[in-house]
Amino acid sequence: MKKWLAAAMSIFIAIVVGCSSGNPAGNMENTTSSNKNKGKADEKITIKLLQYKVELTEQVKQMAEDYSKEHPNVIVEAQVSQDFETLRKTRFASGEGPDIFYLKPFTDVADWQEHLVDLSDEPWMKEVVPEALPGMTIDGKQYGFPTNLAGYGYIYNKDLFAQAGITAIPTTQTELKEVNEKLKAAGIQSFAEGYKDGWLLGFHLLNLPFAVMDDPEAYTKTIEDGTAKLKDNPYMDGYFNLIDLAMEYGEGKKSLGIDYNTQVIKFASGETAMIQQGLWALDPIVKANPNISIGMFPIPINDNPKDTRMPVDVPSYYGINKASKNIDEAKKFLIWLHENGQKYIVDSFRTLPAFVDITEIDDLGPLAQDIVTYTAKGNTMPWAMSLWPAGSDKEFAAPIQAYVAGMNTREQTIDEIQKIYDQKVRR
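J.: So what's going on with the overall build of the chain? Which residues, and what values?
T.: The secondary structure content of the chain amounts to 17 helices and 13 strands. Counting the 427 residues in the chain, one finds 58% classified as buried.

Below is the structure:
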């Protein structure tokens, strides 16, 4: 698997779009970074970094501490927040925007472009995998440092599958139903889904009906301009079927009280055979149960095996604030992070790198290997949810959670999602 990126990623699906999130007012002067970094040689420089991967809080803070140790004149203040988007808007609105901050692909990059430094000529840019470029490119300029590649699907317990006599991975919803029946007959609960966290329903799972379309970008535009409606999406029934299966063979309505941490613990302890999650769940699972044998397969959206593909994409980028007084030092930090990408991106964060020159991924374990396998076969789909209006996924979650609670029908839920989408694009 070493040197996998050059071969496998060339097959990966690339989408060129443009894109999301708030648009805080105030254009900053185009002051040169040399002027912004004036100061005495021995003056302490503070770089403020803001991101949202709360499961990496300790690792990010350790990375910041390591950089400061190697660069005694620089203090890196790393803040990781669950309420990232609100905090980012608040800090920029108050004129205290972070020096380096997270951006989601496409829409988010476009919405924050006026605040971003052009990173096109940075030395690490030539090592970025081609698939990471579209989500951060506007008018031929690149504005982000890709943090990683990510994939998600159903993580499954191989021992429990074997115990239930399951010998083949399901590639259709009918086969998934059969797998659930075999698990049930063996006295094994299939799912523990964390539907308390809306992103599982309104972000990752809802991505499927968009991403499986022949041209997700073109389809998303038709939803935005009103020429297409979600109720006519041929994959929406499959989306709701997946929720129904998870409820029938899992916790039922109780899943609304289960969050990410509880979901992972239930799976790691062997209480359930499957969870809908991604590579980011590997470390907490293994920490809870070092001996667990796991794998990951794509979530079947219908009964056509060709439509059963794994969502793999770049979930986030680091951007540099154009108003920062320490642009040069912020750039040096990203150069350092790339140079030490094996140590931090792979070994510490336990994520797949989005750089062709970072190649040692064997230690990332079986989930990463499965992602690479599906990618090498061209059996992937994009994260089309990156094309949605900023913040829409969080609002989508409420009507879908109401469906789980039995308060909405499928039709009512789709109508509510459509209303939210329409309101977002027409504000």
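J.: Quick one: what's the story with unusual backbone geometry, residue by residue and with numbers?
T.: Residue Phe106 is not a glycine yet carries a positive backbone phi of 55°. Secondary-structure assignment places Phe106 in the loop between strand S3 (100-103) and helix H5 (107-111). Here the phi dihedral of Asp139 falls at roughly 50°; this positive angle occurs in a residue that is not glycine. Among the structural elements, Asp139 can be located in the loop between strand S4 (137-138) and strand S5 (141-142).

J.: Lay out the confidence of the model for the chain with the relevant residues and their values.
T.: Low-pLDDT portions of the prediction should not be read for the details of their coordinates. A residue-level look at the chain finds 90% of positions with pLDDT of 70 or above and a mean pLDDT of 89. Across residues 1-40, confidence stays below pLDDT 50; counting only partners more than four residues off in sequence or on other chains, it has 108 contacts.

J.: A description of the packing of aromatic side chains should follow, citing residues and the corresponding values.
T.: Applying the stated rule across the entire model yields 28 aromatic pairs. Here the aromatic rings of Phe92 and Phe101 are separated by 5.1 Å at their centres, their planes lie at 70°, and the arrangement is edge-to-face. Of the two residues examined, Phe92 and Phe101, each falls in the buried class. Between Phe210 and Tyr219 the ring centres are 5.7 Å apart and the planes differ by 65°, which places this aromatic pair in the edge-to-face class.

J.: Before we move on, can you summarise the side chain of Thr351 with the specific residues and values?
T.: Mapped onto the secondary structure, Thr351 falls in the loop between helix H14 (341-348) and helix H15 (366-376). Here Ile345 takes part through its backbone oxygen, which lies 2.6 Å from a polar atom of the side chain of Thr351. Residue contacts for Thr351: discarding those within four places in its chain leaves Thr147, Asn148, Leu279, Ile345, Val346 and Leu364.

J.: Now, about the nonpolar core: what can you tell me, with residues and values included?
T.: Core analysis: the largest hydrophobic core is formed by 132 residues, its most contacted members being Tyr239, Ile243 and Ile285. In this view, Ile285 contacts Ile155, Val264, Phe267, Ala268, Ile275, Ile292 and Ile294; residues no more than four positions away in its chain are not counted.

J.: Lay out the pairing of strand S9 (residues 272-278) with the relevant residues and their values.
T.: Burial analysis of S9 places seven of its seven residues in the buried class, which makes it a mostly covered element. Relative to S9, strand S7 (residues 150-157) runs antiparallel, the two being bridged by five bridges. Of the residues in S9, the one forming a bridge with Tyr152 is Gly278. As paired strands, strand S8 (residues 189-191) and S9 are joined by two bridges and run parallel to one another. Across the sheet, the residue bridging to Phe191 is Met274, located in S9.

J.: Kindly report on the packing of helix H9 (residues 216-224) against helix H17 (residues 410-425), identifying the contributing residues and their values.
T.: Here H9 crosses H17 at 85°, and the two axes come no closer than 9 Å. Between H9 and H17, the angle is such that the two are roughly perpendicular. Between H9, through Thr220, Ile223 and Glu224, and H17, the contact on the second element is made entirely by Gln418, Tyr421, Asp422 and Val425. Along the lines of polarity and charge, the residues of the contact of H9 with H17 split into three nonpolar, two polar and two charged.

J.: I'd like a rundown of the sheet that holds strand S6 (residues 145-146), residues and numbers included.
T.: Hydrogen bonds between backbone atoms are what pair the strands of a sheet, whose relative direction is either parallel or antiparallel. With mixed pairing, the five strands of this open sheet are ordered in space as S2-S1-S3-S12-S6. Of all strands in the sheet, those bounded by a partner on one side alone are strand S2 (74-80) and S6. Sheet topology note: the strand S1 (residues 45-51)/S3 ladder contains two bridges and is parallel. Bridge assignment links Leu49 to a residue of S3, and that residue is Ile100. Together, S1, S2 and strand S12 (317-320) form the strand contacts of helix H3 (residues 57-70), whose direction differs from that of S2 by roughly 175°. Packing of helix H13 (residues 327-339) onto the sheet brings it into contact with S1, S2, S3, S6 and S12, and relative to S12 it is tilted by some 155°.

J.: I'd like a description of helix H16 (residues 392-404), backed by residues and values.
T.: Under the 1.5 Å per step criterion, the end-to-end length of H16 is 19 Å for 13 residues, consistent within 8% with the ideal 18 Å. All buried positions along H16 are accounted for by Ser392, Asp393, Phe396, Ala397, Pro399, Ile400, Ala402, Tyr403 and Val404. Check the buried side of H16 and you find it contacts helix H8 (198-211), helix H10 (236-248) and H17. Note on H16: the residue one or two positions beyond its end, Gly406, has a positive phi of about 85°.

J.: If you had to explain the pattern of salt bridges to someone new, which residues and values would you point to?
T.: Per the stated rule, a full pass over the model turns up 15 salt bridges. Put simply, Glu271 and Lys266 hold a salt bridge, and the shortest N to O gap is 3.3 Å. Beyond isolated ion pairs, a larger network of salt bridges with shared partners links Asp237, Asp244 and Arg410.

J.: Go over the packing of H16 against H17 with me, naming the residues and quoting the values.
T.: The description of two packed helices rests on the angle between their axes and on the distance between the axes. In contact at an axis separation of 9 Å, H16 and H17 are set at 165° when each is read in the N-to-C sense. In terms of their interaxial angle, H16 and H17 are classed as roughly antiparallel. Along this stretch, H16 crosses H17, giving a crossing that reads as right-handed. On H17, the residues that touch Ser392, Glu395, Phe396, Pro399, Ile400 and Tyr403 of H16 are Arg410, Thr413, Glu416, Ile417, Ile420, Tyr421 and Lys424. Looking at the contact of H16 with H17, its residues break down into seven nonpolar, two polar and four charged.

Rules used throughout
- Residues numbered from 1 in each chain as written.
- Predicted model: local features only at pLDDT ≥ 70, side-chain atom pairs only at ≥ 80, totals over all residues.
- Heavy atoms only, no water.
- Helix = DSSP H or I, 4+ residues; strand = E, 2+ residues; numbered from the N terminus.
- Buried < 20%, exposed > 50% of the residue type's maximum accessible area, 1.4 Å probe, protein only.
- pLDDT = per-residue confidence, 0-100.
- Contact = heavy atoms within 4.5 Å.
- Phe/Tyr/Trp six-rings, centres within 6.5 Å; stacked < 30°, edge-to-face > 60°.
- Polar contact = N/O pair within 3.5 Å; in protein donor to acceptor, adjacent residues only side chain to side chain.
- Core = buried A, V, L, I, M, F, W, Y, C linked by side-chain atoms within 4.5 Å.
- Pairing = 2+ DSSP bridges.
- Axes fitted to C-alpha atoms, helices over the stretch in contact; angles between N-to-C directions.
- Parallel < 35°, antiparallel > 145°, perpendicular 65-115°, else oblique.
- Nonpolar A, V, L, I, M, F, W, Y, C, P; charged D, E, K, R; others polar.
- Expected span 1.5 Å × (residues − 1).
- Salt bridge = Lys/Arg side-chain N within 4 Å of Asp/Glu carboxyl O.
- Left-handed = near helix turned anticlockwise from the far one by under 90°.

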